[in-house]
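Observations on chain architecture
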Amino acid sequence: MNLDDVIQILESRPGMITINRSLFEAELFINGFLFSRACDEILDKNEVRFQDEFSNWIRDKYDCNIQSSWGRIIMFYEGGEEVALKKFLKMYREFFGVI
């Protein structure tokens, strides 16, 4: 399982990862998942790119200088947790050029 698999589960069955379809809960899960893979030294190139570039890409998309996590930035601009989660999933695909 890699980050793309986690994202696929979030899209199709978000209740498997979050209790409340919450971006905050999803961000915590993703961060823990990536931390575990980094500790085991099995991050793939997309996971490394996500960790290295996604937060700055989000800041650029929203044209903001907030020094906060990507999840908090999306929630700040998008409002509710479930709406923010849907926006994150769309932006994740856009970031990797899948849209």
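Bringing helix H4 (residues 70-78) into the picture now. For H4, the set of buried residues is Trp70, Gly71, Ile73, Ile74 and Met75. Where H4 is buried, its residues meet helix H2 (23-39), helix H3 (45-61) and helix H5 (81-95). The positive-phi residue at the C-terminal boundary of H4 is glycine 79, with phi of around 90 degrees.

What characterises a pair of aromatic rings is the spacing of the ring centres plus the angle enclosed by the ring planes. Taken as a whole, this structure holds 14 aromatic pairs when the rule is applied. Residues phenylalanine 76 and tyrosine 77 carry aromatic rings whose centres are separated by 4.9 Å and whose planes lie at 85 degrees to one another, so their mutual orientation is edge-to-face. Given a relative accessible area of 59%, phenylalanine 76 falls into the exposed group. Residue classification places tyrosine 77 among the partly exposed positions, given a relative accessible area of 36%. Linked through ring pairs, Phe50, Phe54, Trp57, Trp70, Phe88, Tyr92, Phe95 and Phe96 together constitute an aromatic cluster.

What follows deals with the pattern of salt bridges. This structure, assessed with the given rule, holds four salt bridges. For arginine 93, the salt bridge goes to glutamate 11, with nearest N and O atoms at 2.9 Å. Linking arginine 93 in helix H5 with glutamate 11 in helix H1 (residues 3-12), this pair joins segments that are 82 residues apart in sequence. Since its relative accessible area comes to 17%, arginine 93 is described here as buried. Its salt-bridge partner being arginine 37, residue glutamate 47 comes within 2.9 Å of it at the nearest N-O pair. In this pair, glutamate 47 sits in helix H3 while arginine 37 sits in helix H2, placing the two residues 10 residues apart along the sequence.

Here is what the cut-offs are and how they apply
Residues numbered from 1 in each chain as written. Predicted model: local features only at pLDDT ≥ 70, side-chain atom pairs only at ≥ 80, totals over all residues. Heavy atoms only, no water. Buried < 20%, exposed > 50% of the residue type's maximum accessible area, 1.4 Å probe, protein only. Helix = DSSP H or I, 4+ residues; strand = E, 2+ residues; numbered from the N terminus. Contact = heavy atoms within 4.5 Å. Phe/Tyr/Trp six-rings, centres within 6.5 Å; stacked < 30°, edge-to-face > 60°. Salt bridge = Lys/Arg side-chain N within 4 Å of Asp/Glu carboxyl O.

Limitation: the analysis is restricted to geometry and does not speak to function.
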